[in-house]
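This is what each chain is made of:
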Amino acid sequence: MDYVIEMLNITKEFPGIKANDDVTLKVEKGEIHALLGENGAGKSTLMSVLFGLYQQEKGVIKVRGEEVNINNPNIANKYGIGMVHQHFKLVHNFTVTENIVLGMEPTRSFGRIDIARAAKKVKEISERYGLSVDPYAKIEDITVGMQQRVEILKMLYRDAEILIFDEPTAVLTPQEIEELMSIMKELVSEGKSIVLITHKLREIKMVADHCTVLRRGKYIGTVDVADTTEEQMAEMMVGREVSFEVEKGPSNPTDVILSIKDLKVKNSRGLYAVNGLNLDIKAGEVLCVAGIDGNGQSELIQAITGLTKVDSGKILFEGKDIEKESVRHRTLMGMGHIPEDRHKHGLVLEFSLEDNMALQSYFREPLSHNGILQPDAVRAYSDGLIEMFDIRSGQGSVTQVRSMSGGNQQKAIIAREVERSPKLLIAAQPTRGLDVGAIEYIHERLIAERDAGKAVLLMSLEMEEVLNVSDKIAVIYEGEIVGVVNADETNENELGLMMAGSKKGKVTTNE
Amino acid sequence: MNKFKGWLGNEKNHRFLIPLIAILLGFIVGSLVMIISGINPSKLFISLTRSVFGINLDKIGTGKSVFNPRYVGEYFVYCMPIVLTGLSVAFAFRTGLFNIGAEGQLMVGSFASILIGIMVPGPSFLILILMILGGGLAGAIWGFVPGYLKARFNVHEVVVTIMMNYTALYLTNYYYKQLPGSSNSKTIELDEGLTLKSEFLSSITNNSRLHWGFIIVIIAIIIFWFIIEKTTFGYELKAVGYNPHAARYAGMKVERNAALSMMIAGAYAGLGGVIIAIGTFGYGRVLPAAEGYGFDGIAVALVGGNTALGSLFGGLLFGSLKAAQPIMQSSGIPRDIAIIISSMIVLFVAMQNGIKLVLKHIGGAK
Amino acid sequence: MDVLYSMIVLTLIFSTPIIITAIGGMFSERSGVVNIALEGMMMIGGFFAATAIVFLEKSDGWVGTSAPWLALLIGLIAGGLVSLIHAYLSVNLGADQVISGTAINLLAGGLTIYLSQIIFNQQRTETFQAGFIKTTYAGLSKIPLIGPALFTNIYPTVYLALILVLVSWFVLYQTPFGLRLRATGEHPHAVDSMGINVYKMRYIGVVLSGCFAGLGGAVMVLTFDTQYTAGSIHGIGFIALAALIFGQWKPAGLLGASLFFGFSQILGIYATSFDFLSKIPAEYFNAFPYVLTVIALVVFSGKTVGPKAAGEPYDKGQR
């Protein structure tokens, strides 16, 4: 067997956690090898070891049969290994060429960088592999798809033979994903070998030859993709039989709780992220705003909750105009918000659990009285929530939230928001980065709120979550709602087309 | 031994261990500097003992009197303003703001109290209250400006406060000279009833300048603790200081809290200025340069972990160094060694991440 | 007209230390480390230069005649050495860079006067004779327009500052080193992934800032005074920081901003020449540069976007 890369019995540890525990990966020359696992399984860590960003504690790496010691990315480059990162490592105000040649700048007289020569080489390579870019464009001005091509070019510029793609499709439209898949096949036909890190089973079936599965840092097995079903791969990834369904009864929608009319919201770059958006949300129903990341869903949520100012349009909560109301006011009117970024918005990590539980109600009786905090009431409130929602922490209410697991931190936020019984519960990517058990729990709670007659506005980037949890799906594209469909009447393909803007689907009336 | 090591490695103890270690290291470095310059470091400790406790170790065994309470009185005089500037810096730190402007806030506080004392007629007791409040208010206004600019325009408070320190110096100097009866270096002395000076306190400390200001200091410490620990306002300030995004999410008015917090911090420093002007001296002084109370306040706050009690202890510590300066100078030690030691302590506190690693290593963690 | 020319010359002279120090600040911040200790490093540079020249000027031969330039070099080196403290704390220990900077400012203040006491037995250095002197360059000063503005009654250190601006522009924007330094301040993870050592880049940035600030302080003392005192630097290091922000962290920008602040300093001197200014008290002119700085920061607050990663310690493990 002609293995171009062999990672044998790799163990990589960080303080308190074994990210890779005796993992073996063998990649054949000229194949696309998928590395599959859930969030936190250890895929990125393993590849970071290969790319020289980390060093393994135990285990051996062989490149083309020869044992090697990769201490930094330069050495990885020398062996022909290159990495296309999930979170692009591009300097936003540099040009495409400057980013590509950083660290390997060609020079001319007096030690000056020879940008013209560099740009020429970039153009050559981009044409050879069908990766069109403008060498002089600034990163902050080009599309996400083009930025990814710059990442790929970085590696090709350095004559990489083995390319590692880390979750490359997370930020792409379905069209761009198709393009990427054909680029990968093109690269392989030119003799390159590819390792594809992903948790998207469909894509593995589309392009990969073999698939190695990791779970919680451990090596589970390697399969021939053609001979394995998605369900089988999922089972290896998760460890038990996975049904992609969520148990729920039919919904009973009643009145419109939130009505958004022709909303326009600018983003931090002064462009309209929300561009004339119309949407109605009813009580007793889970409505999911679905779309590719970056189409305005985050800004929409921030406008509804009051974290961002509205440029024009109306937001009506139970018939009342709220665009100018403060965050506090909207909370008191009956809005609950489980934020996208739990560390940034949802919690004060340095506070104790009970102080975080009090975050939305510290200013009211019984938690405070005339501006003086009532510590006993706060403790009782927090203890009650911990009990009700089964939140695990080191020392109960006094635990510093920073030390809690992601799943329990999210549970705490959900407990806090749900207990207040808000008329409208907004959940933005509520299961991001969590393990399967936590995800199931959160989905159950969202359905429970819906069954209790509340309105649930879900925002999600995960297709399965969108299809299984929601009653109605509103697809957002370039700041507008391009279609509202019933979840049980649509499928991934139709949604994918709408999310890419190519099919403005039928808008079902909310009757 | 292992238990001690384990205790050292336990993160929970680091909160007070770090300042203690920083203080220890600061003194060690100071001693080394003295040794290199050919000075016996024991002189430092003799000076410190004398300045704090009034006990002159050199005189033990000589038949002359060893204890002089005047030094003890003076020691407290030195401590008082820097406890207040320490509280000022600490309060701002809790909200995530760096108040380097305590210096300027203190100066305007001094000025305001002198201004009221000289220009406003009325019954002594009333005017005295006005002087204290006015000084605090002046400091609050001086603190409000950087707070507001930060909140509204996101201008970094570090540069603004430093600029305002210099502005305060020049403007107060000018206006002191404009007051009736002022010379080029000081104003007229305040009337008897309008100072915090105390015959009684002086008499029990062998004619030191000890004055009633310490009551203001104690009240200030209690108010600090109460606001931060017990009120919803303090809860908000802490939230904003740790995570302004989460604070906004929770409906708190982040900008308003920033400005308010700087006002309170400014008021504390202003009060520091008040007690210097009407407690220690009893008249306004034209200053050739800033006297460093603000920077001492930074050291106090950092060593005290930005808490009320910590500021008290920090103030007592750095006050001892300040009080020792004149004694050191007269026994041949350049007084600036005190500044060197203070700055090294701050430096070591800044190195806390490194110190924590060392402690954890000793404690046996992997 | 003469007044105008002398204002230009004086502006250049007063701006020189600001320019030099601001360039240093630029290198540090561009690499991602916030350095508010420019003031302290200027003090160190000024003190050591003043001390050095007291001894150097006594020598014979070339050492004696080039004493001021040697002293500048010593000030530069002293500033660079002190900056290692800030570099170590900020880069290796991930300390709060503002606290570290503040501590160095305090330390510099204490150390310089302490050493003055030890070496000279007083709270200031001994006076020296051989500082820079205002020179009029014979041929050049006759050139119309720029002659009287640039070559008459001026310190040679002004040329040094202007040359350094050009050099820093070249290094930052034309060389591989400059590209990598700027990248380190914007996106250290990107730089790391290309195999460049982020720590090394930041050390260089900070040490350069110390050298430049030390040089700036040395220039200040050797041109404005005949000794180093506690009041020698009086906040110029902070004004340089403001000039850097005002100038958008770019060489051309900080040059303009520094000239602006330099001009604001000399306004008080010319107050008596202009009727409407002569009524304003001296202290107002003293305060003017500082008030102006605050106003400038507010006016330019919306547009100031510094290096993206400045002030954040680099954490390899973060993704």
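Quick caveat, the model's predicted, so the values are computed rather than measured.

**With respect to the overall build of chain A**
On a plain count of helices and strands, chain A comes out with 17 helices and 22 strands. What you see for chain A is a C-alpha radius of gyration of 25 Å, in line with the 24 Å of a compact globule of 511 residues. On the principal axes, the C-alpha backbone points of chain A span a range of 70 × 55 × 45 Å. In chain A, which comprises 511 residues, the proportion classed as buried is 48%.

**Some remarks on the interface of chain A and chain B**
Of the residues lining the interface, 22 residues belong to chain A; the matching set on chain B comes to 14 residues. Among the secondary structure elements, those contributing two or more residues to the side of chain A that touches chain B are α10 (327-334), α11 (342-346) and β18 (372-373) of chain A. Across the side of chain A that touches chain B, the residue classes tally to twelve nonpolar, seven polar and three charged.

**Describing the environment of K43 of chain B**
Residues and elements named next belong to chain B. Among the structural elements, K43 can be located in helix α3 (residues 42-53). By C-beta crowding, K43 is classed as partly exposed, having 17 other C-beta atoms within 10 Å. Between the alpha carbons of K43 and S331 there is a distance of 7.9 Å; along the sequence they are 288 residues apart. If we skip the residues at most four places from it in the chain, K43 touches S331 and I333.

**As for the packing of helix α9 (residues 213-230) of chain B against helix α12 (residues 254-281) of chain B**
Between two packed helices, what matters for the description is the angle formed by their axes and the separation of those axes. All names here are of chain B. Direction vectors running N to C along α9 and α12 enclose 170°, while the axes themselves pass 10 Å from each other. Put simply, α9 runs roughly antiparallel to α12. Where α9 approaches α12, its residues G213, I216 and A220 are matched on the opposing element by Y268, L271, I275 and G279. Of the residues that constitute the contact of α9 with α12, the class distribution is five nonpolar, two polar and no charged.

**Describing the domain arrangement of chain A**
Often, the extent of an interface is quoted as the loss of accessible area upon association of its parts. Residues and elements named next belong to chain A. Domain boundaries in chain A define domain 1 (3-238) and domain 2 (256-340 + 423-499). Each of domain 1 and domain 2 has a C-alpha centre, and the two are 34 Å apart. In this complex, domain 1 contributes seven residues to the contact, which on the side of domain 2 involves eight residues. The class makeup of the residues in the side of domain 1 that touches domain 2 is four nonpolar, two polar and one charged.

**Focus: the interface of chain B and chain C**
Counting from both sides, the interface comprises 36 residues of chain B and, opposite them, 37 residues of chain C. Counting only elements with at least two residues in the side of chain B that touches chain C, the list comes to α6 (124-153), α7 (157-178), α13 (293-303), α15 (337-350) and α16 (352-362) of chain B. Of the residues forming the side of chain B that touches chain C, the biggest block, eleven residues, is contributed by α7 of chain B. Here the side of chain B that touches chain C is built from residues that sort into 27 nonpolar, eight polar and one charged.

**Thoughts on the sheet that holds strand β21 (residues 472-477) of chain A**
Residues and elements named next belong to chain A. Reading across the sheet, the six strands line up as β16-β19-β20-β13-β21-β22 and stay open at both edges, with mixed pairing between neighbours. Edge positions in the open sheet fall to β16 (335-338) and β22 (480-486), since each of these has one partner strand only. Averaged over all pairs of adjacent strands, the angle between their axes in this sheet comes to 20°, without regard to strand direction. As paired elements, β16 and strand β19 (residues 424-428) share four bridges and run parallel to each other. Each bridged residue has a counterpart across the sheet, and for M335 the counterpart in β19 is L424. Across the sheet, helix α14 (residues 406-419) touches β16 and β19, and the angle it forms with β16 is around 175°. Across the sheet, helix α17 (residues 492-499) lies against β13 (285-290), β21 and β22, angled at about 30° from β21, the strand it touches most.

**Some words on the confidence of the model for chain C**
Residues and elements named next belong to chain C. On average, residues of chain C carry a pLDDT of 88, and 97% of them reach 70 or more. Put simply, helix α13 (residues 275-278) is where chain C has its lowest mean pLDDT, 72, and helix α10 (residues 198-224) is where it has its highest, 95. Predicted complex, confidence summary: ipTM 0.85, pTM 0.84.

Parameters at a glance
- Residues numbered from 1 in each chain as written.
- Chains lettered and ligands numbered in written order.
- Predicted model: local features only at pLDDT ≥ 70, side-chain atom pairs only at ≥ 80, totals over all residues.
- Helix = DSSP H or I, 4+ residues; strand = E, 2+ residues; numbered from the N terminus.
- Rg over C-alpha atoms; globule rule 2.2 N^0.38 Å.
- Buried ≥ 20, exposed ≤ 12 C-beta atoms within 10 Å, placed from the backbone.
- Contact = placed C-beta atoms within 7 Å.
- Nonpolar A, V, L, I, M, F, W, Y, C, P; charged D, E, K, R; others polar.
- Axes fitted to C-alpha atoms, helices over the stretch in contact; angles between N-to-C directions.
- Parallel < 35°, antiparallel > 145°, perpendicular 65-115°, else oblique.
- Domains from an automatic or database assignment.
- Pairing = 2+ DSSP bridges.
- pLDDT = per-residue confidence, 0-100.

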